[in-house]
Amino acid sequence: MSNAPAGAATSRVREQARAARQAARKLALLSNDIRNSVLRAVAKRTEENAAQILQANAEDCRVAEEHEHTGKMSAAAFARLCVSKKTIEEMVLRLEEVARLEDPIGKRLSTTELDTGLILYKDSCPLGVVAVVFESRPDVVPQVSALAFKSGNAVLLKGGTEAARTNEVLVKLWRETLREFPAVPEAAVTLLQSRADVMELLQLKREVDLIVPRGGREFVEYISENSKVPMLGHGEGICHVYVDRAADCSKAEEIAMDAKTQYPAACNSVETLLVHTDVAAEFLPHVAARLKNAGVELRGCERTRAILRQTDIKPATETDWSTEYSDLILAIRVVDSLDAALDHIQEYGSNHTESIVTEDARAAQRFLDEVDAAGVYHNVSTRFADGYRYGLGSEVGISNSKLHARGPMGMEGLTTYKYKLVGNGQIVGTYARGERTLRHRKLEN
């Protein structure tokens, strides 16, 4: 936390936010070609400075490793902090992918003729200034900055202290690149420094249009309770895979393994495996053995433990059903029916991502229709819940909310729209007196 006086912190953050607001006005007017050129230049600079990024991250990880050993940092948070050569390659690929996406600004969404010579247009436009407060993951910096920049928004970034060195290098590379483009304001991407900055940021409802917190449930709830700025929460991911009575058990094994072990620290990894009683005796011993070999700690209901009686498996508690482990831990529950699985997901799910494994088309359709979540899948791993895999280039976060944006939030979630009414001296009085009538005729865009 900064030792600067509260007034100094307040002045600095407000000035940074106002500079971002001024930058956003210019970004909205940049051509798509310039925005794409900047993104490709950032990608190149990121690739060329991989050693600098890795060095900074190694320093962050050395400090964080001590915190992990003492229990001050979870293994999942430490895993999200670490950057590798592959991570940097993915940063570069995602920057290039966002540059290839269609321009989201200025799209004509609808055209309505209200009367002769009175035309109402609905066009997409940027939100303005977006603030993202996140923990652990440095790769949030290029992902969010790319999406914000491409969609004409300025971005304020506040990462956790555990990734401070890595975040500073990544933002420095952005700002160095922006200085090479005279028409592009450097304040388009700004890194906030202290925890005190966040408290001030939450009060800047005139300067900031949207704040996106990315972290655990307590972190998101804290931001929600203290923010005067509209918030879109990147909530917890309590995801389920339900193995139906008509499941292909071989297929189910692969899906369960991928959903839990491919990257357990991700919010879209599975936390609870639900298994229909008709296939439990056949399915559970095989998948449990593979999971245990992969280092997964299993926690099961009484029926699960009875089937896996020779397996080292802990009894699942009520808390396990509502816990996002973000680690190599999996809760398993045997259920009597699809309805029981749906009830369990309704009770304990976080509206993130849910998957059914079944060859029964009716059961699959019921699951797809009845489960209330941002992502509902059939015969695929929950790990597909990702902006890059959805073709969004990247993601600002994954929203569990139903308002404005839901699921992986790409550029569309960073745009809004405005109505543009073009006429020739028309006044409402003419229509109020009945002298003319509005026709509201939709036209081709």
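Residues numbered from 1 in each chain as written. Predicted model: local features only at pLDDT ≥ 70, side-chain atom pairs only at ≥ 80, totals over all residues. Heavy atoms only, no water.

K.L.:
Explain the overall build of the protein chain to me, using residue names and the numbers behind them.
P.N.:
The number of helices and strands found in the protein chain is 16 helices and 17 strands. Taken over C-alpha atoms, the radius of gyration comes to 25 Å for the protein chain, in line with the 22 Å a tight globule of 445 residues would show. Principal-axis analysis of the C-alpha atoms gives the protein chain an extent of 80 × 60 × 40 Å. Considering the protein chain as a whole, with its 445 residues, one finds that 51% of them fall into the buried category. Taking all contacts inside the protein chain whose residues are at least 6 apart in sequence as the whole, residues at least 24 apart take part in 73%. (Helix = DSSP H or I, 4+ residues; strand = E, 2+ residues; numbered from the N terminus. Rg over C-alpha atoms; globule rule 2.2 N^0.38 Å. Buried < 20%, exposed > 50% of the residue type's maximum accessible area, 1.4 Å probe, protein only. Contact = heavy atoms within 4.5 Å.)

K.L.:
I'd like to hear about empty space enclosed by the protein, residue by residue, with values.
P.N.:
Scanning all chains against the criterion turns up one cavity of 30 Å³ or more. What the largest cavity holds in volume is close to 30 Å³. Considering the residues around the largest cavity, the lining is formed by Val42, Thr46, Pro142, Leu170, Leu173 and Trp174. Mapped onto the lining of the largest cavity, the elements with two or more residues apiece are helix 2 (32–48) and helix 7 (164–178). For the lining of the largest cavity, the leading source of residues is helix 7, giving three residues. Class assignment of the residues belonging to the lining of the largest cavity gives a composition of five nonpolar, one polar and no charged. (1 Å grid on protein atoms, 1.4 Å probe; cavity = no way out; pocket = protein on both sides within 12 Å on 5 of 7 lines; lining within 4 Å. Points joined across faces, edges and corners; volume = space filled by probe spheres on them. Nonpolar A, V, L, I, M, F, W, Y, C, P; charged D, E, K, R; others polar.)

K.L.:
Quick one: what's the story with the sheet that holds strand 16 (residues 415–422), residue by residue and with numbers?
P.N.:
Ordered by their spatial adjacency, four strands build an open sheet running 16-2-1-17, and the pairing between neighbours is antiparallel. Each having just a single partner strand, strand 16 and strand 17 (441–443) make up the two edges of the open sheet. In this sheet, neighbouring strand axes are inclined to one another by 25 degrees on average, regardless of whether the strands run parallel or antiparallel. Examined bridge by bridge, strand 1 (residues 108–115) and strand 17 share three bridges and lie antiparallel to one another. Its bridge partner being in strand 17, Glu113 is matched across the sheet by Arg441. (Pairing = 2+ DSSP bridges. Axes fitted to C-alpha atoms, helices over the stretch in contact; angles between N-to-C directions.)

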